[in-house]
Amino acid sequence: MAAYLVRRAILLALSLAVSSVALFVLLRVLPGDPANALLDMGATPAQAAAARHELGTDLPPAQQFGGWLRDLARLDLGRSLVSSLPVASEIAGRLHVTVPLTVLAFLLAVLIAVPTGFLVALRRGTWYGTLLAGVSQLGLAVPVFWVGMLLVTVFALRLRWLPAGGFPAEDWAAPAAALTSLLLPVVTIALVMSASLTRYVHSAALDVLDSDYLRTARALGAPLRAALLRHGLRNAAAPVVPILAIELASTFLGAVVVENVFALPGLGSMLVRAFAQHDYPVIQGVLTLSTAAVLTIGFVADTAQRLIDPRLRRTATGTSA
Amino acid sequence: MSVVMLSVAACVSSPGGGASASCALSVGSLYEPQNLDNAGGGGQGAAEALAGNVYEALFRLTEAGAVEKSLASEYTVSPDGLTYTFALRQGVRFHSGTPMTSADVRHSLRRILAGTSTSSRKNSLDMIKSVDAPDDHTVVVRLSSRSISLIYNLSQVWIVNHTLADPKTAEDGTGPYRLASWKRGATLTMERFGGYWGASPKCGQVTFRYYTEAAALNNALLSGAVDVVTSVQSPDALAPFSDTSAFRITEGTSTTKLLLAFNCRRAPFDKPLVRRAVSAAIDDAKLLRSIWGDRGMVIGSMVPPADPWYEDLSGKNAYDVEAAKRMLAEAGYPGGFPMTLDTPQYDPHPTIAEFVKSELAKVGITVTINIISADEWYSRIFQHHDFAATLQEHVNDRDIRYYGDPGFYWGYDNPEVSDLIRRSESAKTTREQTELLRRANHEIVEDAASDWLYLNPQIVVASARVTGYAANAVQAQFPVYGIDKR
């Protein structure tokens with residue numbers, strides 16, 4: 001296991017290095033000029049040139065790359081070309097929204113999808129098994145912004161129970177307000193995410209229900225519930241865990257639509273704005289961080305899968321030892 | 001973690017708040033500042049939130065567009081019009097506590113004129129030769145040529161404490177509010193400044209809340225999360241606010257003009273006759289109705305009613321398909337011609353492009369719509385003049401002067417117009433200035449230098465509990481110090 005961890009850590013560092021260099025090159029190759037975001041109709045060509053010089057975007061790319069590497073070595077992500085604020089603290093501020101939003105939505109989605117998936121599998125052929133399957137099918141077809149707008153209309157505008165959007169200026173210093181403003185976005189993402197998750201859990205559960213070992217357990221006298229809890233859940237989890245990892249990773253940045261609907265200052269909306277303005281340090285910072293996050297989630301999922309399924313563990317140690 | 005700490009400190013309310021310290025106003029907007037500096041790329045959002053509220057200038061523009069003394073208490077002009085001596089208001093303090101002196105004014109002006117300044121005012125203040133501070137409360141500005149707009153332009157030069165290291169990331173102004181916190185992407189909070197020299201503002205705390213979607217902004221107003229929305233960008237957004245007991249809709253004057261701009265350097269748009277034909281082939285009134293309903297207006301030139309030299313010229317090059325066909329034939333294009341229309345991707349440009357395409361088809365001009373990003377527009381069209389025709393919103397006030405600059409992106413080069421505009425700036429009286437600019441405007445319209453499709457309306461929607469906000473958009477600023485909330 002230790003050798004496996006070391007190997008994965010080295011792989012993670014290498015992937016990060018390669019992806020940041022690729023990103024740096026891509027951003028400079030794409031057309032666009034960060035100075036444009038700072039200028040308006042009254043600006044003269046001389047002012048545009050001065051702005052580029054001030055930002056350092058008039059330097060040869062090789063020189064820019066050197067400067068970027070030097071900063072990175074000091075763990076400095078640089079400053080935004082547009083706001084002049086340090087990228088690291090800008091990202092940290094956005095993580096206050098993005099991390100709780102992603103994690104809570106993910107947990108809620110799992111809480112919805114696992115029981116529903118099993119229930120649909122257990123009750124196949126009955127009317128409410130079919131109904132649940134239909135509802136999850138419907139959830140797949142509905143766009144996330146529509147769910148968000150529907151929830152806002154009902155819970156914020158009609159019932160006035162929850163805010164329609166925004167995040168408190170006090171941030172998490174006002175925990176109740178911060179949490180209530182995340183509630184509708186969390187439910188929105190969780191509902192949509194759980195629709196696809198339910199289908200995966202459902203098919204994994206069906207495999208388990210039809211398996212020989214479960215029939216054997218029941219033949220030996222174990223009630224269905226006990227047999228499922230003892231043998232079924234763990235076996236059904238193995239194929240679902242990698243799916244969970246992909247869902248979690250895509251929510252991390254994919255929440256941008258929900259962030260816009262609910263006016264949340266998250267990482268996704270920050271990235272979209274930075275792209276529109278060609279704010280290279282911000283794009284580079286956010287994408288490097290999310291690459292690291294996605295790779296880490298994948299790594300955790302792989303490890304979890306090995307812990308769940310000893311067969312994977314045995315083959316891996318066998319080849320690496 | 002440090003971010004949390006900062007915002008905790010920031011939400012402690014200001015000491016010395018008056019009777020309505022509890023009044024907390026919430027303003028909704030689509031324009032978040034890019035940074036805090038109007039001379040460093042802060043953009044429309046910085047002007048909207050900070051001008052007059054956090055930063056003040058030597059002069060201030062009233063809602064009606066008149067210029068008033070603000071941080072300048074008096075000024076004199078030498079007989080040749082080349083030396084301005086400003087006496088500064090005494091007892092004015094910056095939010096950091098230090099008194100405002102002539103050194104700060106000198107610094108603030110030099111900042112705009114510096115080589116690295118991205119200020120759009122740099123060009124209009126280019127005639128400033130020197131700025132001196134003979135004593136703490138006097139500033140002397142010397143010009144290389146007369147500038148009748150100097151005082152007007154100075155109303156846009158924020159007076160910044162000369163010790164402030166980076167005005168992009170922090171503020172130190174003299175306004176009635178000081179910046180308490182800026183949570184990027186969400187809120188900008190300001191609170192009443194106890195040491196303000198003028199009348200204390202009504203609300204103790206004002207929060208600008210920023211939205212990227214108009215629908216989210218509307219929901220915020222409907223649910224009471226914001227009290228007022230600075231400018232509504234589409235008439236569809238107004239429907240939910242028809243309940244007059246809960247909401248008020250005001251329509252004021254705006255300076256945002258929607259242009260079909262021609263590249264006057266290139267055939268076929270180097271011919272005034274072709275430009276006039278295109279202008280006559282497009283029914284501006286019908287276009288305005290389809291975009292804005294019964295709001296906004298067709299003005300027929302670059303000059304909106306807010307500028308002193310405004311005249312209704314909508315009758316010139318008026319909609320007349322037959323006349324357009326005749327002019328095209330006379331110009332040597334009896335069957336029309338193909339053209340590419342570069343169209344910014346954001347609303348309402350793509351809709352307008354479709355309308356223009358169908359109108360011009362009637363006179364044989366085949367339009368290819370090319371949708372581009374704001375960045376491409378600025379690089380390719382504005383800076384490199386590589387286009388045939390384009391759609392663009394021009395938001396600035398008094399921007400007829402761009403037609404006097406043959407190097408501007410549309411390349412309109414009429415020496416007579418350039419001369420009139422140059423002379424208007426060195427005019428001795430505003431009457432003379434107005435007269436010269438009116439003549440210039442007639443020339444520009446006669447040449448159909450651009451097709452001025454319509455003037456946007458300026459629409460503010462507010463909760464009925466809120467009073468005292470400005471209906472007119474004066475240089476994009478949104479003064480909050482006069483707003484009260486029941």
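Everything numeric here is computed off the predicted structure, so don't read it as measured data. Each residue is numbered by its place in its chain's sequence as written, counting from 1. The lettering of chains begins at A and the numbering of ligands begins at 1, in the order of writing. Reporting of local features is limited, given that this is a predicted model, to residues whose pLDDT is at least 70; pairs of side-chain atoms are given and counted only at 80 or more, and all residues count toward the totals for whole chains, interfaces and linings. Only hydrogens and water are set aside when side-chain values are computed; all heavy atoms of the structure are taken into account.

Engineer: What am I meant to see in the overall build of chain B here?
Structural biologist: Segments assigned H or I by DSSP are reported as helices when at least four residues long, segments assigned E as strands when at least two residues long, and all are numbered from the N terminus. When you go through chain B residue by residue, the secondary structure sums to twelve helices and 20 strands. The principal-axis extent of the C-alpha atoms belonging to chain B is close to 75 × 60 × 40 Å. To measure how exposed things are, a 1.4 Å probe is used in the Shrake-Rupley method; for residues, cover is taken only from the protein chains shown. Of the accessible surface of chain B, which amounts to about 18,600 Å², a share of 51% is contributed by carbon and sulfur atoms.

Engineer: Before we go on, may I ask you to explain the sheet that holds strand β16 (residues 389-394) of chain B in this structure?
Structural biologist: Residues and elements named next belong to chain B. If you trace the five strands from one edge of the open sheet to the other, you get β15-β14-β16-β13-β17, paired in mixed fashion. Only two strands of the sheet have a single neighbouring strand rather than two, namely β15 (366-372) and β17 (450-455). The mean inter-strand angle of the sheet, taken between neighbouring strand axes irrespective of direction, is 25 degrees. Relative to β15, strand β14 (residues 338-344) runs parallel, the two being bridged by seven bridges. The partner of Leu-341 across the bridge, within β15, is Ile-369. A pair of strands is treated as paired once DSSP finds two or more bridges between them. Note on definitions: angles span 0 to 180 degrees between N-to-C directions of axes, and those axes are lines fitted to C-alpha atoms, for helices only across the stretch in contact.

Engineer: Is there a simple way to explain the nonpolar core in this structure?
Structural biologist: One broad trend across soluble globular proteins is that nonpolar side chains are buried collectively. Throughout this description, the term nonpolar core refers to a set of buried Ala, Val, Leu, Ile, Met, Phe, Trp, Tyr and Cys residues connected via side-chain atoms within 4.5 Å. Accessible area is worked out with a 1.4 Å probe on protein chains only. A residue is then buried under 20% of its type maximum, exposed over 50%, and partly exposed in between. Counting residues in hydrophobic clusters, the biggest one holds 56 residues, and the most contacted among them are Trp-377, Tyr-403, Tyr-409, Trp-410, Tyr-412, Ile-444 and Trp-452 of chain B. If you tally residues by element for this core, the top one is helix α12 (residues 280-308) of chain A, at six residues. The residue makeup of this core includes at least three contributed by each of domain 1 (1-74) and domain 2 (93-313) of chain A. Any two residues whose heavy atoms approach within 4.5 Å at even a single point are treated as in contact. Those residues in contact with Trp-377 of chain B that sit more than four places away from it in its chain are Met-41 of chain A together with Pro-344, Ile-372, Phe-382, Thr-390, Leu-391, Gln-392 and Tyr-409 of chain B. Residues Leu-287, Ala-323, Ala-324 and Tyr-454 of chain B belong to the second largest nonpolar core, which totals 52 residues. Where each domain starts and ends comes from a domain assignment, either automatic or drawn from a database.

Engineer: Is there a simple way to think about the environment of Gln-305 of chain A in this case?
Structural biologist: Residues and elements named next belong to chain A. Within the fold, Gln-305 resides in helix α12. In this structure, the C-alpha to C-alpha distance between Gln-305 and Arg-28, residues 277 residues apart in sequence, is 39 Å. Ignoring sequence-local partners within four residues, the contact set of Gln-305 consists of Ala-238, Pro-242 and Leu-312.

Engineer: Sorry, what's going on with helix α5 (residues 127-141) of chain A here?
Structural biologist: Residue pairs three or four apart in sequence face the same way in an α-helix, which turns once every 3.6 residues. Residues and elements named next belong to chain A. Helix span is expected to be 1.5 Å times the residue number reduced by one. A rise of 1.5 Å per residue sets the reference length of α5, with its 15 residues, at 21 Å; its end C-alpha atoms lie 21 Å apart and thus fit the reference within 8%. Considered for burial, the residues of α5 that qualify are Gly-129, Ser-136 and Gly-139. Down the axis of α5, the buried set is contained in an arc of 80 degrees. They therefore lie on one face. Turned more than 90 degrees away from the buried face of α5 sit Trp-127, Thr-130, Leu-131, Leu-138 and Ala-141, all of them exposed. By definition, the arc is the one covered by directions from the helix axis to the C-beta atoms.

Engineer: Please explain the pairing of strand β4 (residues 72-77) of chain B as it appears in this structure.
Structural biologist: Both faces of the sheet carry side chains from a regular strand, because those side chains alternate between them. Residue and element names in this part refer to chain B. Pairing between β4 and strand β5 (residues 83-88): five bridges, direction antiparallel. Of the residues in β5, the one forming a bridge with Glu-74 is Ala-87. What sits between β4 and β5 in their antiparallel hairpin is a turn of five residues, with Gly-81 showing a positive phi close to 75 degrees.

Engineer: I'm lost on the sheet that holds strand β9 (residues 187-192) of chain B in this one. Help?
Structural biologist: Strand pairs in the sheet, formed through backbone hydrogen bonds, run parallel or antiparallel to each other. All names here are of chain B. Ordered by their spatial adjacency, seven strands build an open sheet running β8-β9-β10-β1-β11-β18-β12, and the pairing between neighbours is mixed. Since the sheet does not close on itself, it has two edges, and those belong to β8 (177-183) and β12 (247-252), each with one partner. Summarising the sheet, strand β1 (residues 24-29) and strand β11 (residues 228-229) pair through two bridges and their orientation is parallel. Considered in β11, the bridge of Val-27 is made with Val-228.

Engineer: What is the right way to look at the packing of helix α4 (residues 87-122) of chain A against helix α11 (residues 267-277) of chain A in this model?
Structural biologist: To describe two helices that pack against each other, one gives the angle between their axes and the distance between the axes. Residues and elements named next belong to chain A. Close contact between α4 and α11 brings their axes to 8 Å; oriented N to C, the two are set at 135 degrees. With respect to their mutual orientation, α4 and α11 come out oblique. Packed against α4, whose contacting residues are Glu-90, Ile-91, Arg-94, Leu-95 and Thr-98, the element α11 presents Leu-267, Ser-269 and Met-270 at the interface. Residues belonging to the contact of α4 with α11 are distributed by class as follows: four nonpolar, two polar and two charged. Should an angle fall under 35 degrees it is taken as roughly parallel, and over 145 as roughly antiparallel, whereas 65 to 115 is taken as roughly perpendicular and any remaining angle as oblique. Three residue categories are used. Nonpolar comprises Ala, Val, Leu, Ile, Met, Phe, Trp, Tyr, Cys and Pro, charged comprises Asp, Glu, Lys and Arg, and polar comprises the others, including Gly.

Engineer: Explanation requested: the packing of helix α11 (residues 415-425) of chain B against helix α12 (residues 430-446) of chain B in the structure shown.
Structural biologist: Residues and elements named next belong to chain B. The geometry of α11 relative to α12 is characterised by a closest axis approach of 8 Å and an angle of 160 degrees between their N-to-C directions. With respect to their mutual orientation, α11 and α12 come out roughly antiparallel. The hand of the α11/α12 crossing is left-handed. Counting all contacts with α11, which are made through Glu-416, Val-417, Leu-420, Ile-421, Arg-423 and Ser-424, the residues of α12 involved are Gln-433, Leu-436, Leu-437, Arg-439, Ala-440, Glu-443 and Ile-444. Residues that form the contact of α11 with α12 fall into these classes: seven nonpolar, two polar and four charged. If you view the pair so one helix is near and one far, a crossing is left-handed when the near helix is turned anticlockwise from the far one by less than a right angle, and right-handed when it is turned clockwise.

Engineer: Quick question: what am I supposed to make of the environment of Ala-49 of chain A here?
Structural biologist: Looking at the secondary structure, you find Ala-49 of chain A in helix α2 (residues 45-55). For the pair formed by Ala-49 of chain A and Ala-88 of chain A, sequence separation is 39 residues and the distance between their alpha carbons is 28 Å.

Engineer: What exactly am I supposed to notice about the interface of chain A and chain B here?
Structural biologist: Interfaces are frequently sized by the accessible area removed from exposure as the parts join. Counting residues at the interface gives 44 residues for chain A and 50 residues for chain B. Two parts lose some accessible area (1.4 Å probe) when they are put together, and adding that loss for both gives the buried area. Between chain A and chain B, a total of about 4,000 Å² is buried, with carbon and sulfur atoms accounting for 53% of that surface. Ranking the residues of chain A by area buried against chain B places Met-41, Gln-47 and Ala-169 of chain A at the top, with a combined share of 17%. Salt bridges are identified by distance alone: a Lys or Arg side-chain nitrogen within 4 Å of an Asp or Glu carboxyl oxygen. Taken together, chain A and chain B are joined by three salt bridges. Here Glu-90 of chain A and Arg-184 of chain B are joined by a salt bridge, their closest N and O atoms 2.9 Å apart. What qualifies as a polar contact is a pair of N or O atoms within 3.5 Å, subject to a donor-acceptor requirement within protein and to the restriction that residues adjacent in sequence count only when both atoms come from side chains. Inspection of the region where chain A meets chain B yields 18 residue pairs in polar contact (both at pLDDT 80 or more). Elements with a contribution of two residues or more to the side of chain A that touches chain B: α2, α4, α6 (144-158), α10 (256-261) and α11 of chain A. When residues of the side of chain A that touches chain B are assigned to their parent elements, the largest contribution, six residues, is made by α2 of chain A. Considered class by class, the residues forming the side of chain A that touches chain B number 21 nonpolar, 13 polar and ten charged.

Read these as geometric descriptors, not functional statements.
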